[in-house]
Amino acid sequence: MEFKIAQGALKDELAFVQGIVEKKSTIPVLSNILIESVGENTIRIIGTDLDVTIRCEADAEIIEGGSMCVQARKLFDVVRLLPDKDIHFKKDDNDWVKMTCGSSKYRFAGVSRDQFPEVPVFKSAPLTLPAAVFNHFIVNTSFAITNEQSRFTLSGAKFMIENGTARMVTTDGHRLAYIDKHIEGLSGESMDALIPKKALIELVKISRGTGAAVSFGEDQNHIYFEVESRLLITRKLSGNFPNYEMVIPKNNDKKVEFDSSALKDAVARVSLMADERTRSVKLTVREGEIEVAAHSSEEGEAVEKLEVEYSGPEVLIGFNAQYLQDFLSVATSAEIEAPEMEKETEGEKVKVRETGGAPRVTFEFKDSNSQIQMRMAGESDYDYQYIVMPLRV
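Only a predicted model underlies this, so the values are computations on that prediction, with no experimental measurement involved.

Visitor: Describe the nonpolar core, naming the residues involved and giving the relevant values.
Guide: With 103 residues, the main nonpolar core has Ile43, Phe159 and Phe363 as its most contacted residues. The dominant element in this core, judged by the number of residues it contributes, is helix α6 (residues 321-332), at 7 residues. When residues no more than four places from it in sequence are discounted, the contact partners of phenylalanine 159 are Leu129, Phe134, Phe137, Ala166, Arg167, Met168, Met191, Asp192, Ala193, Ile195 and Phe216. With 11 residues, the next largest nonpolar core counts Leu154, Val169, Leu194 and Ile387 among its residues.

Visitor: Now, about the sheet that holds strand β22 (residues 300-307): what can you tell me, with residues and values included?
Guide: Strands sit in the order β22-β21-β20-β23 across an open sheet of 4 strands; the sheet is antiparallel. The open sheet terminates on both sides in strands that have one partner only, identified here as β22 and β23 (315-320). If you compare each strand with its neighbour and ignore which way they point, the axes differ by 20° on average. Relative to β23, strand β20 (residues 280-286) runs antiparallel, the two being bridged by 6 bridges. Note that in β23 the partner of leucine 283 across the bridge is isoleucine 317. Those strands touched by helix α5 (residues 260-270) are β21 (289-296) and β22, and its axis lies near 170° from that of β22.

Visitor: Help me get a handle on the packing of aromatic side chains, residues and values and all.
Guide: By the definition in use, this model includes 15 aromatic pairs. Plain terms: the ring middles of phenylalanine 143 and tyrosine 386 are 5.4 Å apart, the flat faces sit at 65° to each other, and that makes the pair edge-to-face. With phenylalanine 143 in the loop between α3 (131-139) and β12 (156-162) and tyrosine 386 in strand β28 (residues 382-388), the pair connects residues that are 243 residues apart, well separated along the chain. The two residues phenylalanine 143 and tyrosine 386 agree in class, both being buried. Between lysine 181 and the ring centre of tyrosine 382, over which it is positioned, the NZ or CZ distance is 4.9 Å.

Visitor: Any details on the side chain of lysine 254? Residues and values, ideally.
Guide: Position of lysine 254 among the secondary structure elements: in strand β19 (residues 254-259). Only 3.0 Å separates the side chain of lysine 254 from the backbone oxygen of lysine 366, close enough to count as a polar contact. Look past the residues within four positions of lysine 254 in its chain and what remains in contact with it is Tyr310, Pro313, Val315, Phe363, Glu364, Phe365 and Lys366.

Visitor: So what's going on with the sheet that holds strand β18 (residues 230-235)? Which residues, and what values?
Guide: What the 9 strands build is an open sheet, ordered β10-β6-β2-β3-β4-β18-β17-β16-β11; its pairing is antiparallel. Each edge of the sheet is formed by a strand with only one pairing partner; in this case those strands are β10 (110-111) and β11 (127-130). Sitting on the sheet, helix α1 (residues 7-17) is in contact with β2 (32-38), β3 (42-48), β4 (52-59) and β18, with an inclination near 175° to β4. Seen against the sheet, helix α2 (residues 72-79) touches β2 and β6 (67-71) and runs at an angle of roughly 85° to β6.

Visitor: Run through α3, naming residues and quoting values.
Guide: Burial analysis of α3 places 8 of its 9 residues in the buried class, which makes it a mostly covered element. Along α3, the residues classified as buried are Ala131, Val133, Phe134, Asn135, His136, Phe137, Ile138 and Val139.

Visitor: Pulling in residues and values, what's your account of unusual backbone geometry?
Guide: If a residue is not glycine, its phi is most likely negative; likewise, a peptide bond is most likely trans. Of note, the phi angle at aspartate 95 is positive, near 75°, even though the residue is not glycine. Considering the arrangement of structural elements, one finds aspartate 95 in the loop between β7 (86-91) and β8 (97-101). Its identity is not glycine, yet arginine 279 carries a phi of approximately 55°, on the positive side. Looking at the element boundaries, arginine 279 is found in the loop between α5 and β20. What makes arginine 279 partly exposed here is its relative accessible area of 28%.

Visitor: Can you tell me about the layout of surface pockets, naming the residues and giving the values?
Guide: Taken as a whole, the largest pocket encloses approximately 450 Å³ of empty space. Surrounding the largest pocket, 15 residues form its lining, Asp49, Asp51, Pro196, Lys198 and Leu237 being those nearest its centre. Each residue belonging to the lining of the largest pocket can be placed in one class, and the counts come to 5 nonpolar, 4 polar and 6 charged.

Visitor: Any chance you could break down the environment of aspartate 92 for me, citing the residues and the numbers?
Guide: One can find aspartate 92 in the loop between β7 and β8. Residues aspartate 92 and serine 229, 137 residues apart in the sequence, show an inter-C-alpha distance of 29 Å. The contact partners of aspartate 92, leaving out residues within four places of it in the chain, are Lys98 and Arg107.

Visitor: If you had to explain the pattern of salt bridges to someone new, which residues and values would you point to?
Guide: Enumeration over the complete set of coordinates arrives at 25 salt bridges. Residue aspartate 381 is joined to lysine 181 by a salt bridge in which the shortest nitrogen-to-oxygen separation is 3.8 Å. With a gap of 200 residues between them, aspartate 381 in the loop between β27 (372-376) and β28 and lysine 181 in strand β14 (residues 175-182) connect regions that are remote in the sequence. Here lysine 181 falls in the buried class, since its relative accessible area comes to 5%. Note that arginine 286 is salt-bridged to glutamate 289, the shortest N-O span being 2.7 Å.

Visitor: Describe empty space enclosed by the protein, listing the residues and the values that go with them.
Guide: Applying the stated rule across the entire model yields 1 cavity of 30 Å³ or more. Here the largest cavity defines a volume of roughly 30 Å³. As for the largest cavity, its lining consists of Gln18, Val21, Glu22, Lys23, Ser31, Gln71, Ala72 and Arg73. Taken together, the residues that form the lining of the largest cavity break down as 2 nonpolar, 3 polar and 3 charged.

Analysis parameters
- Residues numbered from 1 in each chain as written.
- Predicted model: local features only at pLDDT ≥ 70, side-chain atom pairs only at ≥ 80, totals over all residues.
- Heavy atoms only, no water.
- Core = buried A, V, L, I, M, F, W, Y, C linked by side-chain atoms within 4.5 Å.
- Buried < 20%, exposed > 50% of the residue type's maximum accessible area, 1.4 Å probe, protein only.
- Helix = DSSP H or I, 4+ residues; strand = E, 2+ residues; numbered from the N terminus.
- Contact = heavy atoms within 4.5 Å.
- Pairing = 2+ DSSP bridges.
- Axes fitted to C-alpha atoms, helices over the stretch in contact; angles between N-to-C directions.
- Phe/Tyr/Trp six-rings, centres within 6.5 Å; stacked < 30°, edge-to-face > 60°.
- Lys NZ or Arg CZ within 6 Å of the ring centre and 35° of its normal.
- Polar contact = N/O pair within 3.5 Å; in protein donor to acceptor, adjacent residues only side chain to side chain.
- 1 Å grid on protein atoms, 1.4 Å probe; cavity = no way out; pocket = protein on both sides within 12 Å on 5 of 7 lines; lining within 4 Å.
- Points joined across faces, edges and corners; volume = space filled by probe spheres on them.
- Nonpolar A, V, L, I, M, F, W, Y, C, P; charged D, E, K, R; others polar.
- Salt bridge = Lys/Arg side-chain N within 4 Å of Asp/Glu carboxyl O.

So, to be careful, I would describe these as geometric facts and stop short of saying anything about function.
Now the structure itself:
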């Protein structure tokens, strides 16, 4: 195989496969990528860890068709430091790869194409969602996915489509994030699958900023996501996801509303004094104010007070500081939409946050020991809820 390609085009596509390729794998070939020719003007780059696969395409001048396998990380590290010129690749008979760019010359140890695993056959992707909607779902829920590998069914997101509504739910057993949105084009369609966290993160990378739609479909074992010339294939997680509807509280009769940015900053400061083992912060809600406090027997304590909209009895609630900060970080980020502004994306109206001021959020609760329900204040096309079990105080 022999081809020429622009340095910028190759660098961009190689960057997308880095998150998939195994850096330290018991199967050495998985640290390589497969580069193969498609017709006379395109190369295809494939990286996989056997569970998640990314396939990208880029324009190139094909001198001689074929394929090559080369170490992914080393190639990317070199390519991104090369000047903005055409890069010339040529594969030798022993599977080594020669690369030339201007006065720079390299030789990479390659492996045989036969050693590279077969990629699942891509079938149809009959469903579509705007990339902005998919990314909004993922950003607002992925932080609640467990990091414990033993809890296999919780290591991804439950993604559903029914009755024209798309829904994503995640949980680690201590908290739950839920979001849904009605999509006109999904009427009559259905899906119910568990998507691994790694695939969700990579999907955001390949679709962010494109303004395109994400086409997707499934077979018995895989889900396929296609964004322009990029394809992501992920193996579904197996097992039964918990009954999340049982966790969502129905009778929280107390509600406090406040500026998300002010509370986020207060929790960040106060939590520096929290016990390192429990990461516990205490929120005392009383009429007109909320008090944020943390205490460590070894290091000291911290207290801050903020003005809030609340009228009701005083309630003391304990939180894991990280669980609270995860929600508040999302609430104050630019990913959160607000009802004041709209923009058109592929025929879909997607609301975006106004630049002036952080959004307000609400906490709904019953007492100190029941689930706390967190939401964005105001109207929205999305139904977004974050439910946390409080700590005993």
